[in-house]
Amino acid sequence: MDAQVVKSSSPPSHVGIHVMRAAIRLLAVFVVFLGSLFVWFMMPTNTYSQIWRLQIRQKTNSSTYLGSEGSNIVMFTFPILFLALLGCVFLHLGKKLNDYKVESSSNGTKNRFAVWKKPMLVKGPLGIVSGIELAFFIMFIALLIWSFSTYLHNSFANITPKSAAKNHEKIWESKLDSAALRLGLVGNICLAFLFFPVARGSSILALFGLTSEGSIKYHIWLGHLVMLLFTAHGVCYVIYWAATGQISEMVQWDKTGISNIAGELSLLFGLIMWATAIPRIRRKIFELFFYTHYLYILFMIFFILHVGMSYSCMMLPGFYLFLVDRFLRFLQSGTRARLICSRVLPCEALELNFAKSPGLKYNPTSVMFINVPSISKMQWHPFTVTSNSSLEPEKISIVIKAEGSWTKKLYQMVSTPSPTDRIEVAVEGPYGPDSTHFLRHDTLVMVSGGSGITPFISIIREFLLMSTALKCRVPKVVLICAFKSSLDLTMLDLILPMSSTSIDMSNLELQIEAYVTRETEPKTDGSKPLRAIWFKPLATDAPISPILGKNHWLCLALIIASSFIMFLILIGIITRYYIYPIDHNSNAIFANWLRSVLNMLAICAAIASTASAVVFWNKKKNAMQNKQIQNMEGPAPMGTPESLFYNADRELESLPQQSLAQATNVHYGGRPDLKKMIFEFKGSSVGVLVSGPKKLRHEVATICSSGLVENVHFESISFSW
């Protein structure tokens, strides 16, 4: 069968929205984004440095309000923030499209494009990389090589024996000085992109169909490049100073020029983060990696003090958007979430169920970060959301497997014979894809190992909703899951929500192939049954609500635009009435580091004030709506066990549970033959998702990229933070 379109024709308003979204994406990608890349491409050339930059500075740097930063704000900061605003409008319009529109999988263009989404690299140092990712990675490396080689060519052309002798240097020393500077310039290109992937609610990532979780690998790649180039930059300068007898430059803090000490401190903090981010250290001593990564604050502060605010405008947009996102997360985590109940499994896993406002919507495979202060006030851990925002409008669930020290402590708190009445939990998120495209396949094969099954629970629940409430034809769903022991099979019980008695599974073609790898036969030696534990939240514990309300993207656009305008006003006032009377735009009198500090304070004040105002306004609005809902519901207010769930014993005997058991085949003593199973599925399009250990992900990616069959399409979705 071809993937079905839920609504055969869109209403006129939806047609207009599609046109507007297409126009916005065209403007954003082909004008703003590519235009910004073109500027980065031209920066090393003489055309830019001797013609364009001089003309722009003549028009901007003479201003008594922005000073020397004016040209770089116009060239580098404003276009990317404008791109973020376009992304917000694009995504807000997308929320108005409530129909599930799926294009036919037989479309030739889509099939040709799908080839580029297949894994091209699997086991290399970059991990699993699709054709599109590899192409962009190669182009980015080419940009770095082009920039460095052009910088060197143009600078070396001006280095002669005469010019070197004038500075009391040898030619190679002058060239080393020039090369060291250019390494820093190229490193700043990487730094300019470094923070985009870690802004979890980024409109720019969503505009390009990316999520922060799926983009973490780009942050890792960029982090390695940044530290490699900045380390080479620092080492070359140390060698240069030692060779020319200027080793005292290492302790130089120039009032109006480059502050070398600040650069060395920034590099030191970066090296500490780089060392603890080594995969082996990150896996074995995660806490060390987690805590040392907070040094990014000092890294960025001293970087700005090192190069000055004018040059920092080149990397400012990505960091600015990250600061907005980080402050919104800080505001959301200040409220304690209303934890209602938990399902405890004998396989040392538990499902936490939180109350949520009906207005909170999210897509399958979304991720939520939680913090339990009684375990650690600093540590935040991501978990996949397993509930469906429409199927379960008043609750949101996550599943946690006790595998690390933090999760084991949480499991012990909940699973003790007499658990605590309340667990204090702070929440950030949920964060996830702006849209999902699983419907475009005829068959969806989901391969998981251990706790990797959790993201697939949300997808199955999404299909349950679509096949029942929306009466939509959905793909055949095949879940291939591998577990170590029979106890782990209880993870399958979490596929259905606690209030599952009203769910009809008859319209969903579901096949579950479960493999128990370390046992040859079922074991029923008195294992503990699944049990539900109810908590008693405080009145101050609030349902999880959208931090910026229903019009999230418009509110985010308002924060970005208003905070940036406020920053320009603040720094304009400071420059006009404090800096300019002293310096008169000469950049030779007023301390460079103090100018940078004032700019940083202005940015923080602008973001904090505007974001706080929008969040508190939405918080007040959410409180009023929640109160109205509680008054309408009568004696069983939203967030109580009676209003959310059915009795757990009744659920275990329900018809949906029987249907789930009938759809499940359990195999003992072996692993699935994934290659044989995946290639056996028929249809014009077979989508394959994988979640679990690294070895499993590589195996599935290798199978899908083999080219032996054309109907298999590997979905490049990462489920591991």
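Per an unreviewed UniProt entry, the protein chain goes by Ferric reduction oxidase 2 isoform X1 and derives from Prunus mume. For the protein chain, the Subcellular location (unreviewed entry) comment in UniProt is given as "Membrane".

(A) Structural view of helix H24 (residues 694-704). Restricting attention to buried positions, one finds in H24 the residues Leu696, His698, Val700, Ala701, Ile703 and Cys704. For H24, the elements touching its buried residues are strand E1 (119-124), strand E2 (127-130), strand E9 (443-449), helix H23 (674-680), strand E14 (686-691) and strand E15 (712-714).

(B) Highlighting a positive patch on the surface. A cluster of like positive charges, contributed by Lys123, Lys484, Arg518, Arg671 and Lys695, occupies part of the molecular surface. Position of lysine 123 relative to the elements: it lies in strand E1. Under the relative-accessibility criterion, lysine 123 is labelled exposed at 68%.

(C) Examining the side chain of serine 333 more closely. The topology assignment puts serine 333 in helix H15 (residues 316-333). Judged by its relative accessible area of 12%, serine 333 is buried. Discounting chain neighbours no more than four positions away, the residues touching serine 333 are Trp380, Ala426, Val427 and Glu428.

(D) Layout of the packing of helix H9 (residues 212-243) against helix H10 (residues 260-276). The N-to-C vectors of H9 and H10 enclose an angle of 135°; their axes lie 10 Å apart at closest approach. In terms of their interaxial angle, H9 and H10 are classed as oblique. In this structure, the crossing between H9 and H10 has a hand that is left-handed. On H10, the residues that touch His224, Met227, Leu228, Phe230, Thr231, Gly234 and Trp241 of H9 are Asn260, Glu264, Leu267, Gly270, Leu271 and Trp274. Here the contact of H9 with H10 is composed, by residue class, of seven nonpolar, five polar and one charged.

Conventions used here
- Residues numbered from 1 in each chain as written.
- Predicted model: local features only at pLDDT ≥ 70, side-chain atom pairs only at ≥ 80, totals over all residues.
- Heavy atoms only, no water.
- UniProt positions renumbered as here; feature names shortened; annotations may be inferred.
- Buried < 20%, exposed > 50% of the residue type's maximum accessible area, 1.4 Å probe, protein only.
- Helix = DSSP H or I, 4+ residues; strand = E, 2+ residues; numbered from the N terminus.
- Contact = heavy atoms within 4.5 Å.
- Patch = residues over 30% accessible without salt bridge, like charges linked within 9 Å, V, L, I, M, F, W, Y side chains within 5 Å.
- Areas by Shrake-Rupley, 256 points an atom, 1.4 Å probe, with all protein chains shown as cover.
- Salt bridge = Lys/Arg side-chain N within 4 Å of Asp/Glu carboxyl O.
- Lys, Arg positive; Asp, Glu negative; His and termini not counted.
- Charge placed at Lys NZ, Arg CZ, Asp CG, Glu CD.
- Axes fitted to C-alpha atoms, helices over the stretch in contact; angles between N-to-C directions.
- Parallel < 35°, antiparallel > 145°, perpendicular 65-115°, else oblique.
- Left-handed = near helix turned anticlockwise from the far one by under 90°.
- Nonpolar A, V, L, I, M, F, W, Y, C, P; charged D, E, K, R; others polar.

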